[in-house]
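Here are the chains, one letter per residue:
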Amino acid sequence: MADRNAMIKELIAMQKKFIEDEHKNGFNAQQYFTPDSGSALDGYRDEFNEKSQALVDVAHADKGSHR
């Protein structure tokens, strides 16, 4: 459970950082899907997806279910 809570906190922190950047710089779909190297969005989608899928796996393991 603690591991799951830590994962959720990480995802929320990532979302907050994304929202802050969006409010500061606006949203640019091209930058979101193909970000410049070193930009705030560089690797964001992949990292967020990996972490959220890991959280889904943990939730399934906790409940004894599967995808």
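Residues numbered from 1 in each chain as written. Predicted model: local features only at pLDDT ≥ 70, side-chain atom pairs only at ≥ 80, totals over all residues. Heavy atoms only, no water.

### Observations regarding helix α3 (residues 44–63)
Helix length check: α3, at 20 residues, gives a terminal C-alpha distance of 29 Å against a target of 28 Å (1.5 Å per residue), a fit within 8%. The set of residues buried in α3 consists of Tyr44, Phe48, Ser52 and Leu55. What you see down the axis of α3 is that its buried residues fit within an arc of 55°, all on one side. Facing away from the buried surface of α3 by more than 90 degrees, the exposed residues are Asp46, Glu50 and Ala61. After α3 finishes, the residue Gly64 shows a positive phi value of roughly 75°. (Helix = DSSP H or I, 4+ residues; strand = E, 2+ residues; numbered from the N terminus. Expected span 1.5 Å × (residues − 1). Buried < 20%, exposed > 50% of the residue type's maximum accessible area, 1.4 Å probe, protein only. Arc of directions from axis to C-beta.)

### A short note on the packing of aromatic side chains
The tally for this structure, following the rule as stated, stands at 5 aromatic pairs. Relative to Tyr32, the ring of Phe27 has its centre 5.8 Å away and its plane inclined at 50°; by these criteria the two rings are tilted. Given a relative accessible area of 45%, Phe27 falls into the partly exposed group. Where Tyr44 meets Phe48, the ring centres are 5.7 Å apart and the plane angle is 25°; that geometry is what we call stacked. With Tyr44 and Phe48 both in helix α3, this residue pair falls 4 residues apart, about one helical turn. Phe48 matches Tyr44 in its accessibility class, with the two residues each being buried. Site record: aromatic cluster; members linked through ring pairs are Phe18, Phe27, Tyr32, Phe33, Tyr44 and Phe48. (Phe/Tyr/Trp six-rings, centres within 6.5 Å; stacked < 30°, edge-to-face > 60°.)

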